[in-house]
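Structural description and commentary
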Amino acid sequence: MKKRRVAVGFVASMAMMTAMLAGCGSTQKTTVDTSTKTKGKVVWWGWTPGSPVNEKYIAEFNKKYPDIKITWKQTSIDNYNAALRPALANGQGVDAFQVSPGSGNGGVKTYGGQALDLTPAVKEALGANYKDKLNKSSITTMTINGKLKALGVGTVYAGNLWINKDLFDKYHVKVPTNLDEWIEACKVFRQNGIEGFVQGAGQGAFNIDTFHAIADDVSPGTFTKATRGQVKWTDGSIVKALTLWKGLFDDGIMQKGALGIKQYPEANNLFMSQKAAMVMMGSWYTMNALPDTMKANIASAASTKEPFTMVPINFPDIAGTGHTGSMFGDTDYADAVSATSKNKKAATTFAVWLATSQSGQQMVADSLNLVPNLKSVTPNWDNVKLVNPEKQNEPIKEFIKNAMASGDNPRFGGINADMNQALTDVLAGVAGGTITPKDGAVQLATTQANSK
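Not measured: the values here are computed from a predicted model.

In this section: the pairing of strand β12 (residues 328-337). Along any regular strand the residues' side chains alternate between the sheet's two faces. Within β12, 10 of the 10 residues are buried, which leaves the element mostly enclosed by the surrounding structure. Across 7 bridges, strand β7 (residues 151-158) lies against β12 in antiparallel orientation. Bridge pairing links Tyr-157 to Gly-329 in β12.

One open sheet holds the 4 strands; their spatial order is β9-β10-β8-β11, and the pairing between them is mixed. Only two strands of the sheet have a single partner each, and these edge strands are β9 (195-198) and β11 (310-314). Within this sheet the neighbouring strands show an average axis-to-axis angle of 25°, counted without direction.

The next point concerns the packing of aromatic side chains. Enumeration according to the criterion identifies 20 aromatic pairs in this entry. Plain terms: the ring middles of Phe-61 and Phe-350 are 5.1 Å apart, the flat faces sit at 85° to each other, and that makes the pair edge-to-face. One end of the pair, Phe-61, is in helix α2 (residues 53-64); the other, Phe-350, is in helix α15 (residues 344-356), and 289 residues separate them in sequence. For the pair formed by Phe-61 and Phe-350, the shared burial category is buried. Ring centres 5.8 Å apart and planes at 55° place the aromatic pair Phe-206 and Tyr-264 in the tilted group. You can see Phe-206 sitting in helix α10 (residues 204-218) and its partner Tyr-264 sitting in helix α13 (residues 263-272), a full 58 residues away along the chain. By way of ring pairs, the aromatic residues Trp-44, Phe-61, Tyr-65, Trp-72, Phe-350 and Trp-353 are connected into one cluster.

Another point: unusual backbone geometry. Of note, the amide linkage connecting Thr-48 to Pro-49 takes the cis form, showing an omega dihedral of -15°. For Pro-49, the position within the fold is in the loop between β2 (40-46) and α2. Here Tyr-264 and Pro-265 are connected by a cis peptide whose omega angle stands at 5°. Relative to the assigned elements, Pro-265 resides in helix α13. Positive phi, close to 50°, is recorded for Asn-145, a residue that is not glycine. Structurally, the position occupied by Asn-145 is in the loop between β5 (143-144) and β6 (147-148). Unusually for a residue other than glycine, Leu-368 sits at a positive phi of about 60°. Mapping Leu-368 onto the fold places it in the loop between α16 (358-366) and β13 (371-372).

Conventions and cut-offs
Residues numbered from 1 in each chain as written. Predicted model: local features only at pLDDT ≥ 70, side-chain atom pairs only at ≥ 80, totals over all residues. Heavy atoms only, no water. Buried < 20%, exposed > 50% of the residue type's maximum accessible area, 1.4 Å probe, protein only. Helix = DSSP H or I, 4+ residues; strand = E, 2+ residues; numbered from the N terminus. Pairing = 2+ DSSP bridges. Axes fitted to C-alpha atoms, helices over the stretch in contact; angles between N-to-C directions. Phe/Tyr/Trp six-rings, centres within 6.5 Å; stacked < 30°, edge-to-face > 60°.

Structural data, given as structure tokens:
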């Protein structure tokens, strides 16, 4: 969310949408025709990673398939579901569309009924052993009732911060590793007219990321166990994590008015315009270490600043446990093909190319937006030119290595729609002071019990 990444939004009406779309999709023919199709027009819907990255993917695709015209149609994270639902229902204007695991925007369980089964196409591309060649989660999270409803493009991870190293060096600020250092860093930057840390706390998905990171600091793995029902949400470590989450607002780490803005575009724009020195973003944000991508995003933030040196750091050890460096990830997004598209073959060709071909996946790897879905592909560091290679190369390489070694710690894949909304509501309520951490934990436990 990406985007993955970016980025991922949540809506309260997921369950209703699931029922409506499942009903619409139940009568659709969902077996893809894998015969050759090298001509056609495809409208590709999505929210991530956006321009200019997606246009580069399309340009590379057209080197092999010059007669398939791809039009990228981007929506905001929060508007994606509302825009996509009627477009799919009408059967017009959407050929390929992005979906995600879990219950975030574009949840595959919500929209899978409107998508083709891509199993024959991926078998044709990679052979009968295709599952051995692709990231496991990209298959398991996108399979519904034995049918592969979308092809994962890559994995996205969260749990870290990104900092503007140039600002840290300019104002001689220590990179924070614990709560006191984080508070002090924010204080120094604020004294110099810069927000220390910025978060769009009005957007639930990124609050869940931050809370997950705090929970893993308090007790590694407990958050994931709670989503699976293996630990109660009223566990003491969850209550402590909620208390620490509240502390970010009370201690001056969260900027004033954080609950009134979103991560995209506001928090992102503050960081990109160098008005904030730290931001909570995951691996999808790595693409901003590339000069062209950063220039485009700086311009989108209505800034005239030059590209700067941004590097990833571990989430500070605010619990004082020494548990740092924890990360969590899912397939960021996958491409599905609409069952009502008039250009199914061309759309399938594009979805398969981006998710399974060496050239497509190399583009994904080198864009530094996602960890590629195809296991044989890694970034070609000889071709990847960063804004400040001397200061960025090693931290980013280590960051990607750490992310890939994170193990069984999903981001949103294990969170259903009801729990998604409950987490969003509880975190906002605790931050705003209308819900106590203990009461918030009870609400989460009640939601999980009622959604079984």
